[in-house]
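# Notes for the structure review
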Amino acid sequence: MPKLIVKNRISGEEKEVEFDGEILIGRLEGVDITLDSKGVSRRHAKLIRDKEDFYIIDLESKSGTFLNGIRLPKNEKYLLRNNDLIRIEDYDIRFFSLASAINQSFNEVTDSDILEVKLLKKVVSALESESLPSLEVLNGAAAGRKVFITDDISELTIGRDPTNGFQIEEPIVSRQHAKLVRSGKSFTIVDMGSKNGVYVNSTRVKESELHDGDRVALGTIVLMFRNPGEMDINAVAERIVPKKKREPLPQKKEEQPEEREEKAKDDDASPIEAPLPPEEEERLVKSVSNVTAYPAPRPKREHIRLGLMEIGFIGIGALIITLSIATLINLLRSP
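Report follows, based on the coordinates. (Residues numbered from 1 in each chain as written. Predicted model: local features only at pLDDT ≥ 70, side-chain atom pairs only at ≥ 80, totals over all residues. Heavy atoms only, no water.)

## Remarks on the overall build of the chain
The cut-off we apply is this: Secondary structure counts use DSSP, requiring at least four H or I residues in a row for a helix and at least two E residues in a row for a strand, with both numbered from the N terminus. Note on classification: 1.4 Å probe, protein chains only; a residue is buried when its accessible area is under 20% of the maximum for its type, exposed when over 50%, partly exposed between these limits. Should any heavy atoms of two residues lie within 4.5 Å, those residues are considered in contact. Residue burial considers only the protein chains on display, and all accessible areas are found by Shrake-Rupley using a 1.4 Å probe.
Within the chain one finds six helices and 22 strands. For the chain, with 335 residues in total, the buried portion stands at 31%. Restricting to contacts in the chain with at least 6 residues of sequence separation, those with at least 24 account for 36%. Carbon and sulfur atoms make up 53% of the accessible area of the chain, which totals about 23,800 Å².

Structural data, given as structure tokens:
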């Protein structure tokens, strides 16, 4: 159930108000929360519920209603979120809601988590329905047994004997093992001279103040203490649905002048080939020696095409040469 912590900044007085529907704030007697200050209007503001959400509306007040430091327009409703601060004149009103805290944690939940969200909302409803402190046995034959500590219980005895306020029938538990003592809103566990001792979060104690979520062991029987009045809503919401964080983008490292010069030298330098291992060199030589050698191909002859004039000149030249040779032979034969 949502609650409001109303604090007078001048006197320091503080009170807690639980509500589940509409609540009226003002100076007029008969409103749900009376703020005794001249600047507060008779009907100053109101909180309303719409399904699972809660809203605040300024009712045309003179001095205004401020939500987290921002003045609200008149007669317009604004969504309240867990831990929001409402300021009216000399009063600070802090809004707390477990359901709102869980819903805020759902802001970054993806569509694939819808089933998980529905399940967790059921858990939230169960937590809000149990507004009383309680002790629950977690192990042994009595596992699951639970006792609620109502406002009229100032002291609760725990032990094996049926006369105890909370009976746990386990051999290791003494007849009168321990007692839970209320002092205002705080609770203390006290060992009543048990044989096997009382442990709070693995530490043996004679007397110890308990806080929400503490584990109390009577010998080897473990009990869980819950106190919704001091439950850290934000911590619960963070445990149930941790907010998802994006991975930061990798940032490019800026090169220094010396690094740039060194890199330029490396780029200009000729690469040095590492020598081949002996086995690799031998394999390469064998593969080269096995290659078949083929003769180089002959150059292709080009065919020359001659015209009629060129053929005529060639014929005349051949005839002249033939006649010259015949004449030379005749001259050599003559006496």
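## Looking at the pattern of salt bridges
Threshold: A pair is scored as a salt bridge if a Lys or Arg side-chain nitrogen falls within 4 Å of a carboxyl oxygen belonging to Asp or Glu.
By the definition in use, this model includes seven salt bridges. Note that D161 and R175 form a salt bridge whose closest N and O atoms lie 3.9 Å from each other. Of this pair, D161 sits in the loop between strand 14 (155-159) and strand 15 (166-167) while R175 sits in the loop between strand 15 and strand 16 (178-183), and the two are 14 residues apart along the sequence. A single network of salt bridges, built from pairs that share partners, joins R9, R87 and D92.

## Digging into the sheet that holds strand 11 (residues 91-96)
Rules: Strands are labelled as partners when DSSP assigns at least two bridges between them.
Read from one edge of the open sheet, six strands run 2-1-11-10-7-8, paired in antiparallel fashion. In this open sheet, the two strands that pair with only one neighbour each are strand 2 (14-18) and strand 8 (70-71).

## Quick notes on the pairing of strand 16
Looking at chain direction, strand 14 and strand 16 are connected through four bridges and run antiparallel. For E155, the partnering residue across the bridge sits in strand 16 and is V181. The sheet contact formed by strand 16 and strand 17 (residues 186-191) spans six bridges and is antiparallel. Following the sheet pairing, V181 is matched in strand 17 by T188. Between strand 16 and the antiparallel strand that follows it, strand 17, lie two residues; G184 among them carries a positive phi value of about 70°.

## Remarks on the packing of aromatic side chains
To be explicit about the condition: Any pair of Phe, Tyr and Trp rings, taking the six-membered ring for Trp, is counted once the centres come within 6.5 Å. Such a pair is stacked with planes under 30 degrees apart, edge-to-face with planes over 60 apart, and tilted for the rest. Throughout this description, the term charge over a ring refers to an Arg CZ or Lys NZ atom that lies within 6 Å of the ring centre and within 35 degrees of the ring normal.
As enumerated under the stated definition, the model contains four aromatic pairs in all. Measuring from centroid to centroid gives 6.4 Å for F19 and F95, while their planes differ by 50°, and the two rings are tilted. With F19 in the loop between strand 2 and strand 3 (23-26) and F95 in strand 11, the pair connects residues that are 76 residues apart, well separated along the chain. Assigned by exposure class, F19 and F95 land together as buried. Geometrically, the ring pair formed by F54 and F95 is tilted, given 6.0 Å between the ring centres and 50° between the ring planes. With a gap of 41 residues between them, F54 in strand 6 (residues 53-58) and F95 in strand 11 connect regions that are remote in the sequence. Across the pair, exposure class does not vary: F54 and F95 are buried alike. Clustering of aromatic rings is evident, with ring pairs tying together F19, F54 and F95. Taking NZ or CZ as reference, K77 lies 4.5 Å from the ring centre of Y55, over its face.

## With respect to the sheet that holds strand 15
Spatial strand order, 15-14-16-17-20: five strands in an open sheet with mixed pairing. Lying at the two open borders of the sheet, with one neighbouring strand each, are strand 15 and strand 20 (207-210).

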